[in-house]
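Listed here are the chains, written in short residue letters.
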Amino acid sequence: MKHNWLNITRLALALFVFAVITWAFVDFANKAPHWVQKFPHAQIVPAILAGTIGLIVIFAVLTIAFGRIYCSILCPLGILQDILGRFLPKKRRKHHYSKPYNWLRYTLLAICAIFLIFGIATPLLALDPYSNFGRIAVNMFRPLVMEGNNGLNWLALQFNNYNFYHVTIYTVTTLSFLSALIALLIVGIMALLRGRLFCNTICPVGSLLGLLSKFSLCRVVIDTDKCTKCGLCEKACKAECIDSKAQTVDYSRCVDCFDCLDKCKKVHAINYVIAKRRSHAMTTGETDKSKRSFLLTSAAMATTLPFIQGCVKAVSKDVDPTKLTPITPPGSKSLAHFNANCTACHLCVTHCPQQILKPAGFEFGIEYAFKPHLTFYEMAFCNYNCTVCSDVCPNHAIEPFKGGLKEKQTTQIGIAQFNKNNCIVFSENTSCGACSEHCPVQAVRMEPYGDSGLTLPHVYNDLCIGCGGCESICPVRPVKAINILANAVHQTAHAPKEEEVKDVDAESLDFGF
Amino acid sequence: MERREFLKTTAVLGAAMLTFDKLTAASQAGKLAVESTPDMVAVMGGEPVALLQRALKEMGGINKYVKKGQSVVIKPNIGWDKTPNFAANTNPELVAELVKQCFNAGAKKVTVFDHTCDNWQKCYEHSGIEKAAKAVNATVVPGNDESYYKTTSLPKGVKLKSAKIHQALLDADVWFNVPVLKNHGGAKMSIAMKNYMGIVWDRGQFHSNDLQQCIADICTYSKKPALNIVDAYRCMRKNGPQGKSPNDTSVLKTIIVSPNIVAADTAAIALFNQVEKMDINEVGHIANGEKLKLGTQKIDTLKVKRIKL
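Participant: Can you walk me through the overall build of chain B in this structure?
Facilitator: Within chain B, the secondary structure is distributed over eleven helices and twelve strands. Expressed as a percentage of the 309 residues in chain B, the buried residues total 62%. Put simply, 73% of the contacts in chain B that link residues at least 6 apart link residues at least 24 apart. About 11600 Å² of surface is accessible on chain B, with carbon and sulfur atoms providing 53% of the total.

Put into structure tokens, the structure is as follows:
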């Protein structure tokens, strides 16, 4: 089958975007170029959450000008569905026009929007195509890449080549994997059975763009004079939005894949053109209906949400707050800010060089489910000289540091809590001080205790930044003697005071032995 | 063929044992094993490369330690994500010069690694060691993953009976221990003996199991470094092992080289005491090392060459 140039362009762009975004998500070694790592910023949900108005305007203008091309060439989950659809034998790739589930799609959109306004990103986290793709890529594709790397490393080592290095996967949890697998199954099965049904029913981004694409300037138009109502275009339409009998196209659902144009080779009755005027009563009728349902749901949600929010908070309050406040990444400002902006795309999970950003389960409540939190284990803590997570976060859930690295180095995400009774210096009368060694800001200092010449750690709260260096190295098991207690609202620590310069007089210096 | 191999191995082993015996005897009785070579060389007053060149020359030249076709490991301290002016890591120029000399002596391969405390890639990069060593064709290998380490028994260890040691070192024919001189919160001082902690994966047990004893125990690993080369070009006076700022350091422009690890650490502390007080008795692993016959604190019983450039 020969493709028209529109379709070829669409395919080429889509594959390019898909490859780049997937690269960004599996780039465990931080080797991808800067622009690749930044590519996920050009997604609608991240742009909205980060408040990148310029991007939002661009997406709106693009959609009004060309229709929902975003869904075909920029959305990684959309492209993934198209790729999966190719696995169906050609004979079985038959679609039929179906009526839109407008009530459902706009209700879901409204739920996402209203919850977001009240600072809860959970519904969006569950439905956002970008974040779902992120979770699939990070929890399913990335382990494959990492194990592939380990295989290559093994092979290279046989030839004394050290260009690769072995990596252990710490940050794929059972739950994060399941969340990815379930998303992939749902999206995949829907794609195989009903094309872009997910995009046109469940996806809030698809619904949002659908509201705009109805008024798009360029669109797929059926020339009723030429059309023979053969139905080939309808069969090819994975969005199931072409009604060949009525000779109409539902522009709120058309994703501009141009597959229909390929099918109508003989008469060229269906074309992507600049629309002359508002067409078809049917689509405008749909608009009114959908608008109405969107507004209705929004209003209903807005009135009930404070109640729901209260319930969510109540559920999360059932547990001891000192143990169950997650440590949010430096740059995330506060638990509230992080909760409101993070949609758990797991891009930071991939890029954290220490693998200490781990997707949470339900231990911090439903609101925090699947979002990354800091975990410290043997030899892994937050690097003093690293801002990778805040650099890559497209949602600004982890905001970039305006003051650069210096600001990160005084951002207090938590405070070390020392428990003397667990410390081996106290319990076993042996010297240690590992915690103090690993403190990059000298907030944990060894101070004399007893007459045995031993020293015990003392934490200077105003200096501690909560990086977890001390906790990670503390040798006591199973409960460590020093642990980071999260700051629900991040604070600013004092910068460590520098020593006075002490110059050595080279003349007077001797060997001393 | 097999018999020849066997004889060869026996001869080499015998020779090695002889030398070792002599060295031990020398360190204990204060006699000289080999007349032409001092037990320790200290050089002061030059740049890192010049210091090392002179010290190695006085120690009998690199050819005395590295033979043609051998595979060499250089173990600097690359523990922290700090630039050279913090003196938290070994001087990169010094490492590079040692790599060069090893290749000049005919080394087949020179490998550099450390099990870092901070993220290994950042440490390797910001210490300047990766770049400097690679520029002179050293193989810089990671030490970040457990899979690189193999359990090795330490029969002479008091508390530490075994440890997972990096494969590169296990495979090496000869190795150099190249620490930087610095203050250390836990171990009090980090010099040559403490630098051994970077050859080990599972060092959590060190802390929970009497750190000062475990440091001495790991130094009983049967493959001893050909030389301990203490980089005291710039030392960290305070706030070790990481340091808060370059103000924590002092430039001493000195290098101390010796196969006797206890003596090297003792001498380095004596040097250190001129800029910052440190009681050697607090640095417990040194006395523990002496008890394990790893060397002597009595420097005056050794033949020491002190040179000012």
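Participant: Is there a simple way to think about the overall build of chain A in this case?
Facilitator: Scanning chain A from N- to C-terminus turns up 22 helices and ten strands. Dimensions of chain A along its principal axes, counting C-alpha atoms only, are 100 × 60 × 40 Å. Burial analysis of chain A (513 residues in total) assigns 57% to the buried set. Relative to all contacts within chain A whose residues are 6 or more apart in sequence, the contacts with residues 24 or more apart total 74%. In the structure as shown, chain A presents an accessible area of about 23000 Å², 64% of it carried by carbon and sulfur atoms. Taking the average location of the 49 positive side-chain charges in chain A and that of its 36 negative ones, the two points are 19 Å from each other.

Participant: Would you explain the pairing of strand β8 (residues 444-448) of chain A in this entry?
Facilitator: Along a regular strand, successive side chains alternate from one face of the sheet to the other. Residues and elements named next belong to chain A. Bridge count between β8 and strand β9 (residues 455-459): five bridges; the pairing is antiparallel. Paired with Val444 across the two strands is Val459, which belongs to β9. Taken together, β8 and the strand that follows it, β9, pair antiparallel across an intervening segment of six residues, in which Gly450 is found at a positive phi of about 65°.

Participant: Before we go on, may I ask you to explain the interface of chain A and chain B in this structure?
Facilitator: Where interface size is quoted, it is often the accessible area lost as the parts come together. Counting residues at the interface gives 49 residues for chain A and 61 residues for chain B. Approximately 4300 Å² of surface area, both sides summed, lies buried where chain A meets chain B, with 52% of it carried by carbon and sulfur atoms. Across the chain A-chain B interface, the total number found is two salt bridges. When the shortest N-O distance is used, the salt bridge between A:Glu499 and B:Lys238 registers 3.3 Å. For the pair chain A and chain B, the interface holds 23 residue pairs in polar contact (both at pLDDT 80 or more). At the level of secondary structure, the elements contributing two or more residues to the side of chain A that touches chain B comprise α9 (129-158), α20 (424-428) and α21 (434-438) of chain A. Examining the composition of the side of chain A that touches chain B, we find that three residues originate from one element, α21(A), more than from any other. Along the lines of polarity and charge, the residues of the side of chain A that touches chain B split into 24 nonpolar, 15 polar and ten charged.

Participant: Honestly, the nonpolar core in this entry has me stumped. Any pointers?
Facilitator: Soluble, globular proteins show a tendency: their nonpolar side chains are buried together. In terms of nonpolar packing, the biggest core is built from 108 residues, with B:Ile74, B:Phe176, B:Leu181 and B:Ile218 touching the most fellow members. Broken down by element, the residue count for this core peaks at nine residues, all from helix α10 (residues 261-272) of chain B. The residues touching B:Ile218, leaving out its near neighbours within four places in the chain, are B:Leu154, B:Leu160, B:Ala163, B:Ile165, B:Tyr196, B:Ile199, B:Val200 and B:Phe206. A:Cys199, A:Leu347, A:Ile356 and A:Ala397 belong to the second-largest nonpolar core, a separate cluster that totals 104 residues.

Participant: Just checking my understanding: could you explain the pattern of salt bridges for this structure?
Facilitator: Scanning the entire structure with this criterion turns up 18 salt bridges over all chains. Between B:Glu58 and B:Arg54 there is a salt bridge whose closest N-O contact spans 2.9 Å. Remark: B:Arg54 and B:Glu58 occur in helix α2 (residues 48-58); sequence separation between them is four residues, near one turn of the helix. Take B:Glu58: its relative accessible area is 14%, and that puts it in the buried class. Using a relative accessible area of 29% as the deciding quantity, one classes B:Arg54 as partly exposed. For B:Asp114, the salt bridge goes to B:Lys75, with nearest N and O atoms at 3.0 Å. Linking B:Asp114 in the loop between β3 (109-112) and α4 (120-126) with B:Lys75 in strand β2 (residues 71-76), this pair joins segments that are 39 residues apart in sequence. Take B:Asp114 and B:Lys75: they sit in the same class, and that class is buried. Linked by salt bridges that have partners in common, A:Arg10, A:Asp82, A:Arg196, A:Lys238 and A:Asp259 make up one network.

Participant: Help me understand the packing of helix α1 (residues 5-26) of chain A against α9(A) in this model?
Facilitator: Two measures define how a pair of helices packs: the angle their axes make with one another and the distance between the axes. Residue and element names in this part refer to chain A. α9 packs onto α1 with a crossing angle of 65° between their chain directions and a minimal axis gap of 8 Å. Taken together, the axis directions place α1 and α9 in an arrangement best described as roughly perpendicular. Crossing hand, α1 versus α9: right-handed. Residue-level contacts link Phe18, Ile21, Thr22, Phe25 and Val26 of α1 to Tyr130, Phe133, Gly134, Ala137, Val138, Phe141, Arg142 and Val145 of α9. Looking at side-chain class alone, the contact of α1 with α9 contains ten nonpolar, two polar and one charged residues.

Participant: Mind showing me how you'd approach the side chain of B:Thr90 here?
Facilitator: All names here are of chain B. Mapped onto the elements, Thr90 comes out in the loop between β2 and α3 (92-104). Reaching out from Thr90, the side chain makes a polar contact with the backbone oxygen of Val178 at a distance of 2.8 Å. Those residues within four positions of Thr90 in sequence are excluded, and the remaining contacts are Pro76, Asn77, Val95, Ile129, Val178, Pro179, Val180 and Asp231.

Participant: Would you mind showing me how to read the packing of α1(A) against helix α6 (residues 76-85) of chain A here?
Facilitator: Residues and elements named next belong to chain A. Where α1 contacts α6, the axes come no closer than 10 Å and their chain directions differ by 115°. In the packing of α1 onto α6, the handedness of the crossing is left-handed. Along the contact surface, α1 presents Arg10, Ala14, Val17, Phe18 and Ile21, while α6 presents Pro76, Ile79, Leu80, Asp82 and Ile83. Here the contact of α1 with α6 is composed, by residue class, of eight nonpolar, no polar and two charged.

Participant: How do you make sense of the confidence of the model for chain B when you look at a structure like this?
Facilitator: Close inspection of predicted coordinates is inappropriate for parts of the model with low pLDDT. For chain B, per-residue confidence averages 91 on the pLDDT scale, and residues scoring 70 or more make up 89% of the total. Considering only residues more than four positions removed or in separate chains, one finds that residues 25-34 of chain B, a stretch of pLDDT under 50, has 13 contacts.

Participant: Before we go on, may I ask you to explain helix α10 (residues 174-194) of chain A in this structure?
Facilitator: Counting along an α-helix, one turn takes 3.6 residues, and residues three or four places apart therefore face a common direction. Residues and elements named next belong to chain A. The end-to-end C-alpha distance of α10, which contains 21 residues, comes to 29 Å, matching closely the 30 Å that a straight helix rising 1.5 Å per residue would cover. Every buried residue of α10 is accounted for by Ser176, Ser179, Ala180, Ala183, Val187, Gly188, Met190 and Ala191. Along the axis of α10, the buried positions cluster into a sector of 165°, meaning they face one direction only. Projecting away from the buried face of α10 at angles above 90 degrees are the exposed residues Thr174 and Leu193. Directly beyond the C-terminal end of α10, a positive phi value near 60° is found at Gly195.

Participant: How should I be thinking about a nonpolar patch on the surface in this particular structure?
Facilitator: A cluster of nonpolar side chains, namely A:Leu175, A:Leu178, A:Ile182, A:Ile186, A:Phe362 and A:Ile366, defines an oily patch on the protein surface of about 530 Å² accessible area. For A:Leu175, the position within the fold is in helix α10.

Participant: Quick question: what am I supposed to make of the packing of aromatic side chains here?
Facilitator: The geometry of an aromatic ring pair comes down to the distance between the two centres and the angle between the two planes. Residues and elements named next belong to chain A. Applying the stated criterion across every chain yields a total of 18 aromatic pairs over all chains. Considering the side-chain rings of Tyr170 and Tyr377, the 4.9 Å spacing of their centres and the 45° angle between planes classify their relative orientation as tilted. One end of the pair, Tyr170, is in the loop between α9 and α10; the other, Tyr377, is in the loop between β6 (372-374) and α18 (388-392), and 207 residues separate them in sequence. Residue classification places Tyr170 among the partly exposed residues on the basis of a relative accessible area of 37%. Each ring, one from Phe426 and one from Tyr449, has its centre 6.2 Å from the other, and the planes form 45°; the classification is tilted. One end of the pair, Phe426, is in helix α20; the other, Tyr449, is in the loop between β8 and β9, and 23 residues separate them in sequence. Every member of this aromatic cluster is reached through a ring pair, and the members are Phe18, Phe25, Tyr130, Phe133 and Phe141.

Participant: Got a minute to help me understand a positive patch on the surface in this structure?
Facilitator: All names here are of chain A. Residues Arg86, Lys90, Arg93 and Lys263 make up a contiguous surface patch of positive charge. Take Arg93: it is sitting in the loop between α6 and α7 (102-117). You can call Arg93 partly exposed: its relative accessible area is 30%.

Participant: What is the right way to read the environment of A:Asn461 from this model?
Facilitator: Residue and element names in this part refer to chain A. Mapping Asn461 onto the fold places it in the loop between β9 and α22 (469-473). The spacing of Asn461 and Pro448 is 13 residues in sequence and 19 Å in space, taken between C-alpha atoms. Once you skip the residues sitting within four places of it in the chain, Asn461 turns out to touch Gln412, Ile415 and Ala416.

Each value, and the rule that gives it
Residues numbered from 1 in each chain as written. Chains lettered and ligands numbered in written order. Predicted model: local features only at pLDDT ≥ 70, side-chain atom pairs only at ≥ 80, totals over all residues. Heavy atoms only, no water. Helix = DSSP H or I, 4+ residues; strand = E, 2+ residues; numbered from the N terminus. Buried < 20%, exposed > 50% of the residue type's maximum accessible area, 1.4 Å probe, protein only. Contact = heavy atoms within 4.5 Å. Areas by Shrake-Rupley, 256 points an atom, 1.4 Å probe, with all protein chains shown as cover. Lys, Arg positive; Asp, Glu negative; His and termini not counted. Charge placed at Lys NZ, Arg CZ, Asp CG, Glu CD. Pairing = 2+ DSSP bridges. Buried area = accessible area lost by both parts, 1.4 Å probe. Salt bridge = Lys/Arg side-chain N within 4 Å of Asp/Glu carboxyl O. Polar contact = N/O pair within 3.5 Å; in protein donor to acceptor, adjacent residues only side chain to side chain. Nonpolar A, V, L, I, M, F, W, Y, C, P; charged D, E, K, R; others polar. Core = buried A, V, L, I, M, F, W, Y, C linked by side-chain atoms within 4.5 Å. Axes fitted to C-alpha atoms, helices over the stretch in contact; angles between N-to-C directions. Parallel < 35°, antiparallel > 145°, perpendicular 65-115°, else oblique. Left-handed = near helix turned anticlockwise from the far one by under 90°. pLDDT = per-residue confidence, 0-100. Expected span 1.5 Å × (residues − 1). Arc of directions from axis to C-beta. Patch = residues over 30% accessible without salt bridge, like charges linked within 9 Å, V, L, I, M, F, W, Y side chains within 5 Å. Phe/Tyr/Trp six-rings, centres within 6.5 Å; stacked < 30°, edge-to-face > 60°.

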